[in-house]
Amino acid sequence: MTILIDQPELGVEAGFDKVDIAENELVLDGGFVVPQTNSFGHTFRDYHVESERQQGVENVYRINHINQTYDFVKRMREEYGKLNKMEMSIWECCELLNDVIDESDPDLDEPQIEHLLQTAEAIRRDYPDEDWLHLTGLIHDLGKVLLHPGFGELPQWATVGDTFPVGCAYDKSVVHYKYFEENPDYHNPEYNTKYGVYSEGCGLNNVMMSWGHDDYMYLVAKGNNTTLPLAALFIIRYHSFYALHKSGAYKHLMNEEDAENMKWLHIFNKYDLYSKSKVRVDVEKVKPYYLSLIEKYFPAKLRW
């Protein structure tokens, strides 16, 4: 479901509004300050705390875990991998996300473009020389356009939320694991073992992930011959794979290249998660910079 909301007020000329820094806030490697609570005053990624969004978030995961089967993912990758839904630029896609709210996210209820720019600008401040990482911050969630009518208006459960491999056993670290018991693959001996259809060290590129915005944006970037480095594509595809990069599950499927790219994903993930706040970005001020990066790494119009 696509949720329409009013445009937010833009921030001050400097790009970010000034915010008070509490004494107990955590500072990341490059100086980015991590708040202790999310937009609702709760700890980040708490999927069980009583809140206005908790029940809706859990329901998204319940339906997701029941329906994300190996066969379902295979069909979706074949259909959306055709990249025949629309032609538009990266920035045009960013603007489409003004109409989207991720119902699986317990930390944020603001327009996605706000989150994209918060993430990108936070990375830019701490890693000024890694322009590819700035752009990755901007585009990592663009696959959420799957929620838009022009892309079939996919349901939330097939677009957002934490991702996980299909075709092998579901790890108990996945959020709301209990609902997998209603998934047909949970009882299928071909898919419910540790390795399933895969082998040790096969590489994540050979593993099918649950379908959603991560895998879709990966297909879009790769299919349009982006010149972003492989680490960027890795971040885009696996930034919601929390069972791996937070809990350490599924490492038996990784190869050496995955291990190298994980270093960048760990850096990125801190900004992706903790930049979700009420802090505003002056969109018009930063837009020229990101347009220059888009021109550098992508063609003018992309097939989606």
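Residues numbered from 1 in each chain as written. Predicted model: local features only at pLDDT ≥ 70, side-chain atom pairs only at ≥ 80, totals over all residues. Heavy atoms only, no water.

- By the naming in an unreviewed UniProt entry, the protein chain goes by Inositol oxygenase and is assigned to Hibiscus trionum.
- According to the UniProt record, the Sequence similarities (unreviewed entry) comment for the protein chain reads "Belongs to the myo-inositol oxygenase family." (UniProt positions renumbered as here; feature names shortened; annotations may be inferred.)

1. Brief notes about the pattern of salt bridges
- Per the stated rule, a full pass over the model turns up 10 salt bridges.
- Its salt-bridge partner being Lys85, residue Glu79 comes within 2.5 Å of it at the nearest N-O pair.
- Of the residues examined, Glu79 reaches a relative accessible area of 28% and is grouped as partly exposed.
- In this structure, Glu92 and Lys301 form a salt bridge, with 3.0 Å as the shortest nitrogen-oxygen distance. Taken together, the residues Glu92 in helix H3 (residues 90–96) and Lys301 in the loop between helix H10 (283–297) and strand S4 (302–303) connect sequence positions 209 residues apart.
- Judged by relative accessible area, which is 44%, Lys301 ranks as partly exposed. (Salt bridge = Lys/Arg side-chain N within 4 Å of Asp/Glu carboxyl O. Buried < 20%, exposed > 50% of the residue type's maximum accessible area, 1.4 Å probe, protein only. Helix = DSSP H or I, 4+ residues; strand = E, 2+ residues; numbered from the N terminus.)

2. Quick notes on the packing of helix H5 (residues 131–139) against helix H7 (residues 230–238)
- The geometry of H5 relative to H7 is characterised by a closest axis approach of 10 Å and an angle of 25° between their N-to-C directions. Judged by the angle between their axes, H5 and H7 are roughly parallel. Considering how the two elements wind past one another, H5 and H7 form a crossing that is right-handed. Packed against H5, whose contacting residues are Trp132, Leu133, Thr136 and Ile139, the element H7 presents Ala231, Ala232, Ile235 and Ile236 at the interface.
- Along the lines of polarity and charge, the residues of the contact of H5 with H7 split into seven nonpolar, one polar and no charged. (Axes fitted to C-alpha atoms, helices over the stretch in contact; angles between N-to-C directions. Parallel < 35°, antiparallel > 145°, perpendicular 65-115°, else oblique. Left-handed = near helix turned anticlockwise from the far one by under 90°. Contact = heavy atoms within 4.5 Å. Nonpolar A, V, L, I, M, F, W, Y, C, P; charged D, E, K, R; others polar.)

3. Let's talk about the nonpolar core
- With 87 residues, the main nonpolar core has Leu138, Trp211 and Trp304 as its most contacted residues.
- Considering each element in turn, this core owes the most residues, seven residues, to H7. (Core = buried A, V, L, I, M, F, W, Y, C linked by side-chain atoms within 4.5 Å.)

4. Concerning the state of the cysteines
- A complete count under the given rule lists zero disulfides for this structure.
- Sulfur of Cys93: no disulfide; nearest cysteine sulfur belongs to Cys94 and is 6.3 Å away.
- Since its relative accessible area comes to 0%, Cys93 is described here as buried.
- Counting only cysteine sulfurs, Cys202 is the nearest neighbor of Cys168, a cysteine outside any disulfide, at a range of 8.7 Å. (Disulfide = S-S within 2.5 Å.)

5. Considering the UniProt feature "binding site: substrate" (unreviewed entry) in the protein chain
- When the UniProt feature table is mapped onto this chain, "binding site: substrate" (unreviewed entry) is found at Arg45, Asp102, Glu103, Ser104, Lys144, Gly161, Asp162, His239 and Ser240.
- Since its relative accessible area comes to 10%, Gly161 is described here as buried.

6. Notes on the packing of aromatic side chains
- The final tally for this structure, using the stated rule, is 16 aromatic pairs.
- Ring geometry for Phe151 against Tyr216: centres 6.3 Å apart, planes inclined by 75°, an arrangement best described as edge-to-face. Of this pair, Phe151 sits in the loop between H5 and helix H6 (213–223) while Tyr216 sits in helix H6, and the two are 65 residues apart along the sequence.
- Classification of Tyr216 as buried rests on a relative accessible area of 0%.
- Ring centres of Phe241 and Tyr250 lie 5.6 Å apart, and the angle between their planes is 45°; this geometry places the pair in the tilted category. In this pair, the class of Phe241 matches that of Tyr250, namely buried.
- When the ring centre of Tyr80 is taken as origin, the NZ or CZ atom of Lys85, which lies over that ring, is 4.9 Å away. (Phe/Tyr/Trp six-rings, centres within 6.5 Å; stacked < 30°, edge-to-face > 60°. Lys NZ or Arg CZ within 6 Å of the ring centre and 35° of its normal.)

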